[in-house]
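Structural overview for review
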Amino acid sequence: VSQSRYTIQSSSLQALQSASHFLSHSKEILFLIGYGMLESQEVERCVQLFIQRFALPQTIEKICMLLLAHNRIFLLGSVLHDICCIHKEKNNEIDVTVSTAHEVSSEQIEFLKKFFTYYSKATVTMSVVHDASLIAGIRMQSDMWLWEDSVAKKLRVLQQNVLL
């Protein structure tokens, strides 16, 4: 966090995202820290090591200690994620994951980025992943948006219509 109390430097934002992602896949660590299995000195050391490992701003240590004091450390991953989301919303930025059943060219990615930028009116950062479950087509998703045109979606719609 920079001198202004409301802005986050790019490197800190990336660190917060990495830490949040790690915690979303390693929830047992917070369980061990938060439920009295370690002495308070060991807990503080774990928090310090976590802060150092992800190069997090020191203010995050205060958040960790506050969550620990109120037996809410299990919320840390969500808190870090929310901090990132608030920052991105304030700065009109969106992370978009493009899932495709096939390889896409850089020109196609640029077209998709322009498409999403036009409709979201935000600065878009894209990542592309291969998802064979789409069968054919594409899905573009952010925290707030979802756009999909795929065979898998058409099959879901057909299945819902049959069930009705």
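Please read these numbers as outputs of a predicted model, since none were measured by experiment. Within every chain, residues take consecutive numbers counted from 1 along the sequence as written. Only residues with pLDDT of at least 70 are given local features in this predicted model, and only at 80 or more are side-chain atom pairs given and counted; all residues enter the totals for whole chains, interfaces and linings. The side-chain numbers reported here are obtained from all heavy atoms of the structure, hydrogens and water having been left aside.

1. Considerations on the overall build of the protein chain
Threshold: A run of H or I in DSSP counts as a helix once it spans at least four residues, and a run of E counts as a strand once it spans at least two, with each numbered from the N terminus. Residues count as neighbours in contact if any of their non-hydrogen atoms are within 4.5 Å of one another.
Helix and strand counts for the protein chain stand at 7 helices and 4 strands. If you list the helices and strands of the protein chain from N to C, you get α-α-α-α-α-β-α-β-β-β-α. Taking the principal axes of its C-alpha atoms as reference, the protein chain extends roughly 55 × 40 × 30 Å. Taking contacts inside the protein chain between residues at least 6 apart in sequence as the whole, the part at least 24 apart equals 61%.

2. A short note on unusual backbone geometry
In this model, Ala55 sits at a positive phi of 50°, which is unusual for a non-glycine residue. You can see Ala55 is positioned in the loop between α3 (40-53) and α4 (59-69). One non-glycine residue, Asn71, adopts positive backbone phi at about 55°. Within the fold, Asn71 resides in the loop between α4 and α5 (76-90).

3. Description of helix α6 (residues 106-120)
For clarity, the threshold we go by: For a helix, the expected span equals 1.5 Å multiplied by the residue count minus one. Accessibility here uses a 1.4 Å probe with only protein chains present; expressed as a share of the type maximum, an area under 20% marks a residue as buried, one over 50% as exposed, and anything in between as partly exposed. Arc definition: it is the arc formed by the directions from the helix axis to the C-beta atoms.
Here α6 is 15 residues long and its end C-alpha atoms lie 21 Å apart, about the 21 Å a rise of 1.5 Å per residue gives. Within α6, burial applies to Leu112, Phe116 and Ser120. Summarising the axial view, the buried residues of α6 lie within an arc of 55°, below the 170-degree limit, and thus occupy one face. Exposed residues pointing more than 90 degrees away from the buried face of α6 are listed as Glu107, Phe111, Lys114 and Tyr118. On the buried face of α6, the contacting elements are β1 (93-100), β2 (123-130) and β3 (137-141). Remark: Lys121 follows α6 within two positions and exhibits a positive phi of approximately 60°.

So far we have only geometry, and geometry alone does not tell us how the molecule works.
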